[in-house]
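Coordinates in review
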There are 2 protein chains.
Amino acid sequence: MKRIYSIALTTFLTINTIQAQVNDSITLRVIFNEILKNGKCYSDLDYLSNKIGGRISGSPQAAAAVEWTKQTMLKIKPDTVYLQEVMVPHWERGEKEYAKILNSKSIDSKEVPICALGGSVATPTGGIVANVVEVRNFEDLAKLGRKGVEGKIVFFNRPMDPTIISTFESYSKAVGLRWGGASEAARYGAVGSIVRSVTLSQDDYPHTGVMGYNDSLPKIPACAISTNGANLLSKLLKTDSTLKFHFTMSCQMLPDVKSYNVIGEIKGAEHPEEIIVVGGHLDAWDNGSGAHDDGAGVVQAIEVLRAMKALGIKPKRTIRAVAFMNEENGGRGGKKYAELAKQNNEKHIAAIESDAGGFTPRGFGIEGTSAIIKTIQAWKPLLEIYGLHDITAGGGGSDIEPLKEQNVTLIGFVPDSQRYFDYHHTAIDTFDKVNKRELELGAASMAALIYLISVYGF
Amino acid sequence: MKRIYSIALTTFLTINTIQAQVNDSITLRVIFNEILKNGKCYSDLDYLSNKIGGRISGSPQAAAAVEWTKQTMLKIKPDTVYLQEVMVPHWERGEKEYAKILNSKSIDSKEVPICALGGSVATPTGGIVANVVEVRNFEDLAKLGRKGVEGKIVFFNRPMDPTIISTFESYSKAVGLRWGGASEAARYGAVGSIVRSVTLSQDDYPHTGVMGYNDSLPKIPACAISTNGANLLSKLLKTDSTLKFHFTMSCQMLPDVKSYNVIGEIKGAEHPEEIIVVGGHLDAWDNGSGAHDDGAGVVQAIEVLRAMKALGIKPKRTIRAVAFMNEENGGRGGKKYAELAKQNNEKHIAAIESDAGGFTPRGFGIEGTSAIIKTIQAWKPLLEIYGLHDITAGGGGSDIEPLKEQNVTLIGFVPDSQRYFDYHHTAIDTFDKVNKRELELGAASMAALIYLISVYGF
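All values derive from a computational prediction rather than experimental measurement.

1. Focus: the overall build of chain A
Within chain A, the secondary structure is distributed over 13 helices and 16 strands. By the compact-globule yardstick of 23 Å for 458 residues, chain A fits well, its C-alpha radius of gyration being 24 Å. Scored against the burial criterion, the 458 residues of chain A give a buried share of 55%. Contacts in chain A between residues at least 24 apart in sequence constitute 82% of all its contacts with a sequence separation of at least 6.

Shown next as structure tokens:
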């Protein structure tokens, strides 16, 4: 009897599991259909990129982006939309930067494209003119020492490695020079620093990005040079090592400004206290339109809410779309969000960030317990038909990272990475570089994963 | 003793297998490195797209493309480079097409973008002016019958389905109207046909493509209208069903022209008689530059040869890069290739085609025995680290399809499909739409698979 009961129970559970899988599969199909047919994220991104544009923290455009995000979320009619106050750094680029290479005889000059790195001090009026010393890394620099560097401009010229398949991996290996190069150069008496743009493209667009100063060292102006400019400078240095570089920048750091994270929330029907975050960052560098970085992530997060509401899905757990402020040069929005979550005793079960561009989906990178990673990997049969093959350990995103100490499972949405660093932090990170379907598929991929987490929890 | 021997043998074989896998893994890494660091396919594509451009069969540009491909292959110094003569259709678009919508009061007209479908006859001089009847499919058309269609222009307006994830699948469901629409319309007495461009983009670029006539029915002019144009025409028809459409086209079919497949070959070191083909098609529609379709496939096939030679790889089996002529409007190159292979008693073990654009790699689609599909799927651990997750049954390509009756395993290279039909057969299938790394990764993916086939055979 017991055995029969046991078989009956097993059969019942198996049938129930199969039924649940079929239901999940149908719901995921419905979510993808809704977003691919009626998605608003592409037109939202058009507005955010083209009507607001670059929106670095503290700028009028950042304020406009906050207001637009709030209004856009309100139109979806989630349960609540609110702002989370956060003080952010306010750095301004000032007038367009200018640079030229002067040969040692001062009989010829070549203009090259540069831009100030975010956080850099300005040059004196009229700019800096100095000899240049080219290095590949901090070890080269240390070998040159004060004797080889003092009074000069240090030119960090290490290309990204093209053989690494994930461009994020090669980026992370190259970007240290951008962040810390100026202070390392100043340690040996340099008067300025130039870093090769962190991209695999060979072109004329300098890539900005945040840098930081070591407060115990002199603060010297730091710029990025386009890859073509870097190649030219390197080539000229080989035959004319006493050439000079002249650059002017009028950027400045101003007092902090009040700004906001923008949050829209659908309350969970069964476990409202368990929160799933989906987000991107609202701020974007001033030199482009912040279309891929990270307008895409913001409009995708909004799209997740929109699709849930449009389909009448009442999630078991709370889903919260967050547009984080100040990822690019401070990460204050992400920190504030985590701080308030802790202060309010909120229970976050997962946070998903899209900050790798609006490209075709590949999968998710998960920072969580191995049990949770296995749970998500067990959903592969439901996700692979949408191109989500790559579900692996390791991931997250800088805005959700501060939630880690609260034991929140962090998930990075992984789109294809090949084109991202062609546009990243440049004047050409514009709306026309975003493909409608790729953007929508990204939003649908996240909505699908969030749906599954909202049903099963962890 | 026997048992010990057996264990020893098993251990030996296991170690050998592991060693082979390690060696393969290293060779694949070396192939990817070579192509990502020193690849020439991107600059080759620049030349083919920008210096030669659209190269429909029989055109001077097609002749230039043959000569360029031969010269480019010769520079690589494979064992042989040769041409395969093939007679191809010669259709010319003539002057730029023109179309406008005239309202029924003839007091207003709106110009809309159209292009002739490949193979269409011209309109009479001065064009055709007639009422329009809109249908979604052949069933709609049959219901209208001669009474509803005679003397009119039939407007086939069925959008591609955006909910299908693979755009090739949705394309294949929509393209039948383009191929057969004109003759079906003529069956009921239509004087012209318009087909909605087969794309998910909403824009002003009409998509050409081949059409065919049923010889037992009158031949009427057939054009494609841009999706924006189709939406406008459909909208206007709803309130003004007796509006007229005026279009002029001066295209014509001329006598067949002598042309060529271009072939470069590295002889196999151990099994020279076993041939592996890698190819794309050299012809491309005249209205764009044929960058993705299929300049990409041609330069990738050349790149496979180049990388093998540059790395000094001496493949066990013969590798043959083929630039097929006339895929777009006749497929004569593919047929000729298969015909000569049969005639010369050649033994092809596999043929791989790249004709889905130079986009980021996803995998391969295989048309072969289940044993061979399993063999290739067993290589997944070697291929997945390069993003090649999607190795499935079903695939091939139209140029290699004629080899099927010789029991050749056909393999279609599968890049991501989302952007392809934004450009396909339009004026904007241009070099700037191709990403260097995505193109190179595609070439390296094929080179990797071909290397494995060349080592192990089937």
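From this point on, the discussion continues.
2. Side note on helix H3 (residues 60–76) of chain B
Residues and elements named next belong to chain B. A rise of 1.5 Å per residue sets the reference length of H3, with its 17 residues, at 24 Å; its end C-alpha atoms lie 25 Å apart and thus fit the reference within 8%. The inward-facing, buried residues of H3 contact helix H2 (41–52), strand E1 (80–92), strand E10 (252–266), helix H8 (291–310) and strand E12 (317–324). Looking one or two places after H3, you find lysine 77, whose phi comes out positive at around 60°.

3. Details of the packing of H2(B) against helix H13 (residues 436–456) of chain B
All names here are of chain B. Between H2 and H13, the least distance of the axes is 9 Å, while the angle of their chain directions is 110°. Considering the angle they form, H2 stands roughly perpendicular to H13. Mapping the contact onto sequence places Cys41, Tyr42 and Leu45 in H2 and Lys436, Leu439, Glu440 and Ala443 in H13.

4. A word on the relation of the copies chain B and chain A
Between chain B and chain A, which share one sequence, the superposing operator has a rotation angle of 180° and an axial displacement of 0.0 Å; the RMSD is 0.0 Å. Between the two chains, the operation in question is that of a two-fold axis. Looking at the rotation axis and the C-alpha trace of chain B, the residue lying nearest is B:His389, at 3.3 Å. Of the residues that chain B buries at the interface, 100% are likewise interface residues in chain A, meaning the two copies contact each other through the same surface.

5. Section: the nonpolar core
Residue and element names in this part refer to chain A. Among the nonpolar cores identified, the biggest contains 130 residues, and Val154, Cys223, Val278, Val304, Ile352, Ala447 and Ile450 are the most heavily contacted of them. Counting residues per element, this core draws most heavily on helix H13 (residues 436–456), at 11 residues. Excluding anything up to four places from it in sequence, alanine 447 contacts Ile31, Ile35, Val304 and Ala307.

6. Considering the sheet that holds strand E5 (residues 128–135) of chain B
Residue and element names in this part refer to chain B. Sheet architecture is open: 8 strands sit in the order E3-E2-E9-E5-E6-E7-E8-E4, paired in mixed fashion. Lying at the two open borders of the sheet, with one neighbouring strand each, are strand E3 (109–111) and strand E4 (114–116). Within the sheet, the average angular offset between the axes of one strand and its neighbour, ignoring direction, is 30°. Direction of pairing for strand E6 (residues 153–156) relative to strand E7 (residues 192–196): parallel, over a ladder of 4 bridges. What sits directly across from phenylalanine 156, in E7, is valine 195. On the sheet, helix H4 (residues 138–149) packs against E5 and E6 and is oriented at approximately 145° with respect to E5. The sheet contacts of helix H6 (residues 176–187) involve E6, E7 and strand E8 (222–225), and relative to E7 the element is tilted by about 155°.

7. Brief notes about the interface of chain B and chain A
Of the residues lining the interface, 21 residues belong to chain B; the matching set on chain A comes to 21 residues. The element that contributes the greatest number of residues to the side of chain B that touches chain A is helix H1 (residues 2–38) of chain B, accounting for 4 residues. In terms of residue class, the side of chain B that touches chain A is built from 8 nonpolar, 7 polar and 6 charged.

8. Some remarks on helix H5 (residues 167–174) of chain A
Residue and element names in this part refer to chain A. Taken as a whole, H5 has its buried residues at Thr167, Ser170, Tyr171 and Ala174. Seen from one end, H5 has its buried residues packed into an arc of 105°, which puts them on one side. The inward-facing, buried residues of H5 contact helix H6 (176–187) and helix H12 (420–423).

9. Here we look at the confidence of the model for chain A
For chain A, the mean per-residue pLDDT works out to 96, and 97% of the residues sit at or above 70. Two summary scores accompany this predicted model of the complex, namely pTM at 0.95 and ipTM at 0.94.

10. Things to note about the environment of A:Ala230
All names here are of chain A. As for its position among the elements, alanine 230 is in helix H7 (residues 227–239). On the neighbour-count criterion, alanine 230 (25 C-beta atoms within 10 Å) is buried. Once the C-alpha coordinates of alanine 230 and serine 197 are considered, the two residues, 33 residues apart in sequence, prove to be 8.1 Å apart. When residues no more than four places from it in sequence are discounted, the contact partners of alanine 230 are Asn157, Arg196 and Ile225.

11. Re the pairing of strand E7 (residues 192–196) of chain A
Residue and element names in this part refer to chain A. Most of E7 sits out of view: 5 of its 5 residues are buried. Across the two faces of E7 the burial is the same, with Gly192, Ile194 and Arg196 and Ser193 and Val195 all buried. Bridge analysis of E7 against strand E8 (residues 222–225) gives 4 bridges, and the strand direction is parallel. Looking across to E8, one finds that arginine 196 is bridged to isoleucine 225.

12. Brief notes about the sheet that holds strand E14 (residues 361–367) of chain A
Residue and element names in this part refer to chain A. On the basis of which strands lie adjacent, the open sheet formed by 8 strands has the order E1-E10-E12-E11-E13-E16-E14-E15 and mixed pairing. The open sheet has two edge strands, strand E1 (80–92) and strand E15 (390–393), and neither has a second partner. Pairwise comparison of adjacent strand axes, ignoring direction, gives a mean angle of 20° for this sheet. Across 6 bridges, strand E11 (residues 271–281) lies against strand E13 (residues 347–353) in parallel orientation. Across the sheet, residue glutamate 274 finds its bridge partner in E13, namely lysine 347. Together, E1, strand E10 (252–266) and strand E12 (317–324) form the strand contacts of helix H3 (residues 60–76), whose direction differs from that of E10 by roughly 5°. Against the sheet, helix H8 (residues 291–310) engages E10, E11, E12 and E13, with an angle of about 145° to E11.

13. Here we look at unusual backbone geometry
Residues and elements named next belong to chain A. Here aspartate 293 and aspartate 294 are connected by a cis peptide whose omega angle stands at 0°. Within the fold, aspartate 294 resides in helix H8. Positive phi is not limited to glycine here, since lysine 77 has a value of about 60°. Residue position: lysine 77 is located in the loop between H3 and E1. Residue classification places lysine 77 among the exposed residues on the basis of 12 C-beta atoms within 10 Å. One non-glycine residue, asparagine 407, lies in the positive phi region at around 60°. Note on placement: asparagine 407 falls in the loop between E15 and strand E16 (409–415).

14. Focus on the pairing of E8(B)
Residues and elements named next belong to chain B. Residues Ala222 and Ala224 of E8 are buried on one face, and the alternating residues Cys223 and Ile225, pointing to the opposite face, are buried as well. Where E4 meets E8, 3 bridges bridge the pair, whose relative direction is antiparallel. Bridge pairing links isoleucine 114 to isoleucine 225 in E8.

15. Observations regarding the packing of H3(B) against H8(B)
Residues and elements named next belong to chain B. Look at H3 against H8: their axes get within 9 Å of each other, and the N-to-C directions meet at 15°. On the basis of the axis angle, H3 is roughly parallel to H8. As H3 runs across H8, the sense of the crossing is right-handed. Only Val298, Ile302, Leu305, Arg306 and Lys309 of H8 make contact with H3, whose side of the interface consists of Thr69, Thr72, Met73 and Ile76. Residues belonging to the contact of H3 with H8 are distributed by class as follows: 5 nonpolar, 2 polar and 2 charged.

16. Considering the environment of A:Glu440
Residue and element names in this part refer to chain A. As for its placement among the helices and strands, glutamate 440 is situated in helix H13. For glutamate 440, a count of 28 C-beta atoms within 10 Å puts it in the buried group. Here the alpha-carbon distance between glutamate 440 and alanine 356, two residues 84 residues apart in the chain, equals 14 Å. Beyond its immediate chain neighbours, meaning those up to four positions away, glutamate 440 contacts Ile35, Leu36, Gly39, Cys41 and Tyr42.

Parameters at a glance
- Residues numbered from 1 in each chain as written.
- Chains lettered and ligands numbered in written order.
- Predicted model: local features only at pLDDT ≥ 70, side-chain atom pairs only at ≥ 80, totals over all residues.
- Helix = DSSP H or I, 4+ residues; strand = E, 2+ residues; numbered from the N terminus.
- Rg over C-alpha atoms; globule rule 2.2 N^0.38 Å.
- Buried ≥ 20, exposed ≤ 12 C-beta atoms within 10 Å, placed from the backbone.
- Contact = placed C-beta atoms within 7 Å.
- Expected span 1.5 Å × (residues − 1).
- Axes fitted to C-alpha atoms, helices over the stretch in contact; angles between N-to-C directions.
- Parallel < 35°, antiparallel > 145°, perpendicular 65-115°, else oblique.
- Least-squares fit on C-alpha atoms with pLDDT ≥ 70 in both.
- Core = buried A, V, L, I, M, F, W, Y, C linked by C-beta atoms within 7 Å.
- Pairing = 2+ DSSP bridges.
- Nonpolar A, V, L, I, M, F, W, Y, C, P; charged D, E, K, R; others polar.
- Arc of directions from axis to C-beta.
- pLDDT = per-residue confidence, 0-100.
- Left-handed = near helix turned anticlockwise from the far one by under 90°.

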